[in-house]
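Notes for the structure review
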Amino acid sequence: MYKVLNIGLLSSLLLSSAHAQTQGSLSAVTRARGPFSVYAHFHSLESSTSTTDSGLLKLAGDQQSAPGEFPAPASGLPDYRLASMFPMLSSQQLDLVQIDGFSTGNDLLGIDVSGVIDPGAQGVWAALMFSVKKTARGRGGSWVRVRSAEFGGPGVGADIMSHVFAGSVGIDQQLWGRTFVEQAAGHIGHAAAAEIDAFDAFAPLIATNVNPPNNLIFFPNSNFVYLSLTNASATSINALPLSPAPFGDGPVTGASILRFEWTGGVWANHQVYRTPAQLGLEGEGDEVDAVGYDPARNAIVFSHMVRPGQSRPQLEVSFDGAPGTILTLSHGDGTEPLHSALGIRFDDDIDALCGIDPEASTISRYLGTPVVVGLPQSMSFSISRVRNGNPWDVAHMQVSGWGNAARMDSVVNFYAVLETDLNNSILLGSVARTADQQSVELTYGIPTVPEEGENFYVYASMIDPLSGGMTNSWVQKMRF
Ligand SMILES: [Ca+2]
Ligand SMILES: [Ca+2]
Ligand SMILES: [Ca+2]
């Protein structure tokens, strides 16, 4: 039974603060950010085997400085620090770990039994977030090409892009089939020359999901990690005199996928979850460089590292229970290669991925879903709830780009309105925005312990200060 959430609670929300990003002149990427631009995430950088390859935490919102090491979790929750994930290694041996693919196993992509991403038939919406290697050139007219060219050479490796699949249900159809540069290197706090080589959008939320009795954030899979190592890392770890073998029977290779289970407050049951042979890869030479796991289909989604003589599609899926059965991940009618929709060339290398579908968990309390509710709107509004349980969570809201509106000095107003009471909106805050500002953000405190089950919309409206008229708006749906 739903308990009615009254406006009194909404109006008691606290802690509003706002700021605008000023990062020089508008670049092309400003126009290309999408509904996931504000997300926090786990990622790792390409590094040498003499440097600790700790996972990094990109916080919600645009970052002005480099991300720090992924921190300790809230009490009892999965710990994504290297020393916790690899308890069989000494602190010195941990330097041999070079993560090349990483997933918490919540990559809901609406995949059918043929390996086709078909969210319409599954009744869900689905998006893929991904990064490419810095050497990628992109197809003509693609954002990969634009971003690569902006630096006059390799400079796209630390960008996180997204693609919302056509046919998605429950999301604004204006997003169908579009690819965005959600978070360019500079938004994450990295130099353009950096290389993000592993990525997961959900680890920060899982590691901070306090008050689980309230089921505030529900993940279909919160007690596993799926990961791959570089070839050099796997070779080094195999050479260690470890007994018992660290990942069950047999050696680990760069083309293996490992799975660890969080049980009793420690990572255990370390195993090789897919061997190279099960992925159709060679144990020597091939390398799995991006990993996801779709719990709805019990399927591993993976990419291999491009190398001479290996001509495989960049995105493939391996179903559980059918070892050795590997299908090309595709979309649409199943004949169009996925890489063309993503704007990458056949020889461009995807080196990190994460599937996104908050709505599949039925309660989207932590990430908004862009929906159409009758207002004119464009496509550059992103919202994410950040847990801190202290006692307020914080909703991060970000408007970027200008949609259909001309750039102008303006004010962006942020509102919340209950689905059951659309005539009463609450002003959350106003942020001034000049014509040359890339984005504006508003943070807003909301109760950590929720009232039950009320949908609400958050919308941002751009106001012309001279006429007072609304020139553009953006809408997302969330839930208390
Ligand atoms: Ca990359
Ligand atoms: Ca990688
Ligand atoms: Ca790849």
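Nothing here was measured: the structure is a model prediction, and the numbers come from that model. (Residues numbered from 1 in each chain as written. Chains lettered and ligands numbered in written order. Predicted model: local features only at pLDDT ≥ 70, side-chain atom pairs only at ≥ 80, totals over all residues.)

Turning next to the overall build of the protein chain. Each helix and strand in the protein chain was counted, giving eight helices and 28 strands. Relative to its 480 residues, the protein chain shows a buried fraction of 52%. In the protein chain, of all internal contacts separated by at least 6 residues, the share reaching a separation of at least 24 is 69%. (Helix = DSSP H or I, 4+ residues; strand = E, 2+ residues; numbered from the N terminus. Buried ≥ 20, exposed ≤ 12 C-beta atoms within 10 Å, placed from the backbone. Contact = placed C-beta atoms within 7 Å.)

Looking now at the sheet that holds strand E17 (residues 326-328). Within a sheet, each strand pairs with its neighbour through backbone hydrogen bonds, oriented either parallel or antiparallel. Pairing is antiparallel in the open sheet, where four strands are placed in the order E14-E15-E16-E17. At either margin of the open sheet sits one strand with a lone partner, and together these are strand E14 (288-294) and E17. Pairs of neighbouring strands in the sheet enclose a mean axial angle of 30°, with direction left out of account. In terms of strand pairing, strand E16 (residues 316-319) meets E17 through three bridges, oriented antiparallel. Within the sheet, the bridge partner assigned to Ser-318 lies in E17 and is Ile-326. (Pairing = 2+ DSSP bridges. Axes fitted to C-alpha atoms, helices over the stretch in contact; angles between N-to-C directions.)

It is worth spelling out helix H4 (residues 143-150) at this point. One full turn of an α-helix is made of 3.6 residues, so residues set three or four places apart face in the same direction. Regarding H4, the residues found buried are Trp-143, Val-144, Arg-147 and Ser-148. Buried residues of H4 fall within an arc of 130° about the axis and therefore sit on the same side. The elements touched by buried residues of H4 are strand E7 (127-132), strand E8 (160-164) and strand E9 (179-183). (Arc of directions from axis to C-beta.)

One finds Met-129, Phe-130, Val-301 and Leu-353 to be the most contacted residues of the largest nonpolar core, which totals 121 residues. Each of domain 1 (7-20 + 368-479) and domain 2 (36-361) gives at least three residues to this core. (Core = buried A, V, L, I, M, F, W, Y, C linked by C-beta atoms within 7 Å. Domains from an automatic or database assignment.)

Now for the environment of Tyr-226. Summarising the element assignment, Tyr-226 is placed in strand E11 (residues 224-229). Tyr-226 gets classed as buried once you count the C-beta atoms within 10 Å, which come to 24. Distance in space between the C-alpha atoms of Tyr-226 and Gly-105 is 6.7 Å, their sequence separation being 121 residues. Discounting chain neighbours no more than four positions away, the residues touching Tyr-226 are Ser-103, Gly-105, Ile-257, Arg-259, Tyr-273, Val-291 and Tyr-293.

Quick look at helix H7 (residues 231-238) now. All of the buried residues in H7 are Asn-231, Ser-233, Ala-234 and Ile-237. One side of H7 holds all its buried residues, which, seen down the axis, span an arc of 165°. Looking at the buried side of H7, the elements it contacts are E11.

Moving on to unusual backbone geometry. Note the cis peptide between Ser-243 and Pro-244, where omega equals 0°. Locating Pro-244 in the fold gives a position in the loop between H7 and strand E12 (257-263). Its identity is not glycine, yet Asn-269 carries a phi of approximately 55°, on the positive side. Here Asn-269 shows up in strand E13 (residues 266-274). Even without glycine at this site, Asn-298 takes up a positive phi of about 55°. In this structure Asn-298 comes out as exposed when scored by C-beta crowding, with 10 C-beta atoms within 10 Å.

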